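Okay, here's what each chain looks like letter by letter:
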Amino acid sequence: MNRTTLSLLAGTAALAAVTGFATLSSPQAATTAGTAAELPVERTSLLCPEPSTSEVAETSYTSFTPVTKNTGDDGKAELKAAAEESDGQNQSQDKNKNKNKAKSKGKKKPAKPVLTPKEPGTPATGDTSGGDAPALVGTAEGKFAPGWTVQETTEVAAGAGRGLQGVNCSAPDTEFWFPGASTAADRTDYVHLTNPDDSAAVVDIELYGKDGALDSSLGEGITVAPHSSDPILLSTLTEEKQEDLTVHVNVRSGRVGAAVQALDDKLGGDWLAASTDPSGSLVLPGIPKDATAVRLVAYTPSDSDADLKVRLASPSGLITPAGNETLHVKGGMTTAVDLGDVTRGEAGSLVLTPTDDSVPVVAALRVVRGKGANQETAFIPATRPVGTRATVADNSAKGSTLSLTAPTRTATVKVTASAGSGGGEAVSKTFTIKAGTTQNVEAPTPTGLKGTFALTVEHVSGGPVYGARTLAATEDGVPGFTIQTLPDDRGMVAVPEADEDLSVLQK
């Protein structure tokens with residue numbers, strides 16, 4: 001075994017241990033000894049939460065993998081239903097589990113896959129109806145793994161949370177932050193935990209309000225059985241009614257997928273995805289230009305307070321919202337502020353930076369569109385930049401808006417519309433986003449489009465770019481919409497160069 005092979009194998013093992021959900025392809029992609037190689041991941045896992053308990057819910061799923069070089073010709077991808085229980089195993093370990101779970105509807109029968117993913121470059125779609133759709137566990141290998149994305153979109157015609165709910169199925173992990181949750185009287189919020197593995201996961205759920213940690217022992221040591229999904233009703237974890245909460249999901253053992261479903265009696269509802277890891281500076285991209293109300297919720301896990309400069313990246317540059325120039329976040333406490341119709345009819349993204357010393361913060365926006373009885377809600381968490389590449393699926397020729405922002409330096413990106421799920425040819429366009437601005441770009445649509453399509457954003461040059469996609473559909477005068485951010489898909493991993501010469505081991 002030569003020096004290159006040994007060093008790459010060591011890098012592969014270390015990276016696989018860190019990510020937990022992706023492994024690297026063969027180290028043969030390296031070209032010379034001592035040179036770092038960009039390799040596509042070889043295996044990816046995604047978890048989709050149980051979409052809705054409403055009998056009038058209609059859910060669609062879209063799977064897509066962008067075409068990636070050096071992946072080979074082999075691979076597979078599949079989405080399977082997560083069993084509601086795992087033969088009763090581990091149930092006795094958590095005396096509070098039955099209290100914390102959403103009301104059970106009985107053990108579900110194993111369901112057929114909702115879709116069969118197609119070749120990279122072409123979306124595949126599937127759907128379910130009613131309130132018995134299960135959570136899904138997905139695995140992609142080989143050529144299907146790099147950049148694999150699955151979008152879950154649900155239309156709820158009536159009741160709490162009515163409107164459009166959407167979420168990108170996420171990779172399992174061991175820690176999640178959700179600023180923007182609530183236990184207010186008109187909110188019904190669940191944190192969905194999905195365990196994809198063969199062993200039980202043990203999870204702590206901590207709640208932080210305006211005065212700090214909420215007193216609750218019911219969120220400690222929640223056992224999530226193997227291959228199961230548990231929706232935990234937040235109001236069962238505490239008696240306190242607070243409008244703005246930060247939910248911290250910490251996995252003691254194992255790993256889970258996590259997402260918060262926020263349902264409002266009057267303002268509809270949507271999924272609240274996890275904020276990016278705590279950071280001193282944050283970007284929350286893609287506020288709709290017709291937003292009628294925007295609420296910023298922030299939290300710092302630090303003992304120190306955080307002072308943040310609040311700016312809006314508009315089409316013409318960075319501006320400071322009048323009356324909300326800065327935000328003071330006390331250590332260990334959740335802070336919220338109403339920004340009103342901050343975009344004033346233009347595309348916008350919120351940029352948070354420290355005024356002095358940097359203190360790690362998580363944040364999210366609750367966005368409202370419409371007026372009076374015809375209002376609907378969506379959420380925008382702080383997110384990672386597009387990075388090398390990011391993809392979002394389930395776009396249509398009408399009703400989809402792609403928003404891109406370059407908060408620090410001018411940047412150029414390439415946007416590719418994939419083939420349609422029912423036919424059509426891929427089309428690409430290049431866009432330049434000026435420093436400090438947000439642009440709702442005229443994204444391309446596939447030639448001869450049939451069905452839905454995916455949008456892939458690739459960074460070409462310049463500073464970091466952040467992105468979000470809005471899906472909108474108005475029914476009976478209610479402006480249903482949902483927003484998904486576009487973080488880097490982590491489909492490629494750099495393998496570090498060797499730091500010592502192991503050629504003496506070669507025979």
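What you see is a predicted model, and the numbers here were worked out from it, not measured in a lab.

Participant: Mind showing me how you'd approach the state of the cysteines here?
Facilitator: One way to say it: the disulfide is the covalent bond shared by the sulfur atoms of two cysteines. In total, this model carries 1 disulfide according to the counting rule given. At a sulfur-sulfur separation of 2.0 Å, the disulfide partner of Cys48 is Cys169. When the S-S torsion is 110 degrees, as for the bridge of Cys48 with Cys169, the disulfide is right-handed. Taken together, the positions of Cys48 in strand E2 (residues 37-48) and Cys169 in the loop between strand E8 (163-168) and strand E9 (175-181) put the pair 121 residues apart, joining distant regions of the chain. Residue Cys48 is classed as buried on the basis of its relative accessible area of 0%.

Participant: How do you make sense of the sheet that holds strand E17 (residues 268-272) when you look at a structure like this?
Facilitator: In any sheet, the strands associate via hydrogen bonds between backbone groups, in a parallel or an antiparallel arrangement. On the basis of which strands lie adjacent, the open sheet formed by 4 strands has the order E14-E10-E16-E17 and antiparallel pairing. Edge positions in the sheet fall to strand E14 (228-233) and E17, since each of these pairs with one other strand and no more. The average angle at which neighbouring strand axes cross in this sheet is 20 degrees, direction not considered.

Participant: Sorry if this is basic, but what is going on with the nonpolar core here?
Facilitator: The tendency in soluble globular proteins is for nonpolar side chains to be buried as a group. Of all hydrophobic cores here, the largest spans 29 residues; its most connected members are Leu284, Leu296, Leu350, Leu352 and Leu365. For Leu296, the contacting residues outside a window of four places in its chain are Leu327, Thr335, Ala336, Val337, Leu339, Leu350, Leu352, Ala363, Ala364 and Leu365. Counting 26 residues, the second-largest nonpolar core is a separate cluster that includes Leu193, Leu207, Leu245 and Leu272.

Participant: It is not clear to me how the environment of Pro117 should be interpreted in this structure. Could you clarify?
Facilitator: Tracing the chain through its elements places Pro117 in the loop between helix H2 (97-100) and strand E5 (124-129). Placed 31 residues apart in sequence, Pro117 and Trp148 show a C-alpha to C-alpha distance of 10.0 Å. Dropping the residues within four chain positions of it, Pro117 is found in contact with Ser63, Ala77, Glu78 and Ala124.

Participant: Got a minute to help me understand the sheet that holds strand E23 (residues 334-340) in this structure?
Facilitator: Strand order in this open sheet of 4 strands is E23-E19-E25-E26, and the pairing throughout is antiparallel. In this open sheet, the two edge strands, each paired with only one partner strand, are E23 and strand E26 (374-381). Between one strand axis and the next, the sheet turns through 20 degrees on average, direction left out of account.

Participant: What's the story with the packing of aromatic side chains in this structure? I'm lost.
Facilitator: What the rule picks out here adds up to 3 aromatic pairs. Ring centres 4.8 Å apart and planes at 35 degrees place the aromatic pair Tyr208 and Tyr299 in the tilted group. Separated by 91 residues along the polypeptide, Tyr208 in strand E11 (residues 201-209) and Tyr299 in strand E19 (residues 293-299) bring together distant segments of the chain. Grouping residues by exposure puts Tyr208 and Tyr299 together as buried. Ring pairs connect the aromatic residues Trp177, Tyr208 and Tyr299, which therefore count as one cluster. When the ring centre of Phe481 is taken as reference, the NZ or CZ atom of Arg369 above it lies at 5.0 Å.

Participant: How should the pairing of strand E28 (residues 400-406) be read in this particular structure?
Facilitator: When a strand is regular, its side chains alternate between the sheet's two faces. The buried fraction of E28 is high, at 5 of 7 residues. Bridging between E28 and strand E35 (residues 466-475) involves 6 bridges; their strand directions are antiparallel. By the bridge assignment for E35, Ser400 is matched with Leu471. Summarising the sheet, E28 and strand E32 (residues 437-441) pair through 5 bridges and their orientation is antiparallel. Opposite Leu404, over in E32, you have Gln439 as the bridge partner.

Participant: Help me understand the pattern of salt bridges in this model?
Facilitator: Where charged atoms of side chains with opposite charge meet at close range, the side chains can pair. According to the stated counting rule, one finds 11 salt bridges in the structure shown. Between Arg295 and Asp244 there is a salt bridge, with the nearest N and O atoms lying 2.6 Å from each other. Here Arg295 is found in strand E19, whereas its partner Asp244 is found in the loop between E14 and strand E15 (245-253), with 51 residues between them in sequence. For Asp244, a relative accessible area of 14% corresponds to the buried category.

Participant: What should I look at first to understand the confidence of the model for the chain in this one?
Facilitator: If pLDDT is low for a region, its predicted coordinates should not be looked at in detail. Mean pLDDT over the chain: 87, with 85% of residues reaching 70 or higher. Confidence drops under pLDDT 50 across residues 84-110; counting only partners more than four residues distant or on other chains, this segment forms 47 contacts. Below a pLDDT of 50 lies the segment residues 500-507, which in the model reaches 8 contacts outside its immediate sequence neighbourhood of four places, other chains included.

Participant: Can you walk me through the pairing of strand E27 (residues 389-395) in this structure?
Facilitator: Judged by how many residues are buried, E27 sits mostly within the fold: 7 of 7 residues are covered. With 5 bridges joining them, E27 and strand E34 (residues 453-462) adopt antiparallel strand pairing. By the bridge assignment for E34, Arg389 is matched with Glu458.

Participant: Please explain the side chain of Thr412 as it appears in this structure.
Facilitator: With respect to the element layout, Thr412 can be found in strand E29 (residues 411-417). A polar contact is formed between the side chain of Thr412 and the side chain of Thr432, at a distance of 3.4 Å. The contact partners of Thr412, leaving out residues within four places of it in the chain, are Thr430, Phe431, Thr432, Glu458, His459, Val460 and Ser461.

Participant: Help me out: how do you make sense of the environment of Ala419 in this one?
Facilitator: Checked against the element boundaries, Ala419 lands in the loop between E29 and strand E30 (423-425). Taking C-alpha positions, Ala419 is 5.5 Å from Thr122, a pair spaced 297 residues apart along the chain. Discounting residues that sit within four places of it in the chain, Ala419 has contacts with Gly121, Thr122, Pro123, Gly424, Glu425, Ala426, Pro446, Thr452 and Phe453.

Participant: Got a minute to help me understand unusual backbone geometry in this structure?
Facilitator: What you tend to see is this: most non-glycine residues have negative phi, and most peptide bonds are trans. Residues other than glycine seldom take positive phi values, yet Asn70 does so here, at roughly 65 degrees. Assignment of secondary structure puts Asn70 in the loop between strand E3 (57-64) and strand E4 (75-81). Despite not being glycine, His227 has its phi angle at roughly 50 degrees, a positive value. Relative to the helices and strands, His227 resides in the loop between strand E13 (222-224) and E14.

Participant: How do you make sense of a negative patch on the surface when you look at a structure like this?
Facilitator: A contiguous patch of negative charge on the surface is contributed by Glu58, Asp127, Glu155, Glu475 and Asp476. Within the secondary structure, Glu475 sits in strand E35.

Participant: Is there a simple way to explain the environment of Ser229 in this structure?
Facilitator: Examined against the element boundaries, Ser229 turns out to sit in strand E14. Within the structure, Ser229 has its side chain in polar contact with the backbone oxygen of Leu193 (distance 3.4 Å). A distance of 3.0 Å separates the side chain of Ser229 from the side chain of Thr194, its partner in a polar contact.

Quick notes on the rules
Residues numbered from 1 in each chain as written. Predicted model: local features only at pLDDT ≥ 70, side-chain atom pairs only at ≥ 80, totals over all residues. Heavy atoms only, no water. Disulfide = S-S within 2.5 Å. Helix = DSSP H or I, 4+ residues; strand = E, 2+ residues; numbered from the N terminus. Buried < 20%, exposed > 50% of the residue type's maximum accessible area, 1.4 Å probe, protein only. Pairing = 2+ DSSP bridges. Axes fitted to C-alpha atoms, helices over the stretch in contact; angles between N-to-C directions. Core = buried A, V, L, I, M, F, W, Y, C linked by side-chain atoms within 4.5 Å. Contact = heavy atoms within 4.5 Å. Phe/Tyr/Trp six-rings, centres within 6.5 Å; stacked < 30°, edge-to-face > 60°. Lys NZ or Arg CZ within 6 Å of the ring centre and 35° of its normal. Salt bridge = Lys/Arg side-chain N within 4 Å of Asp/Glu carboxyl O. pLDDT = per-residue confidence, 0-100. Polar contact = N/O pair within 3.5 Å; in protein donor to acceptor, adjacent residues only side chain to side chain. Patch = residues over 30% accessible without salt bridge, like charges linked within 9 Å, V, L, I, M, F, W, Y side chains within 5 Å. Areas by Shrake-Rupley, 256 points an atom, 1.4 Å probe, with all protein chains shown as cover. Lys, Arg positive; Asp, Glu negative; His and termini not counted. Charge placed at Lys NZ, Arg CZ, Asp CG, Glu CD.

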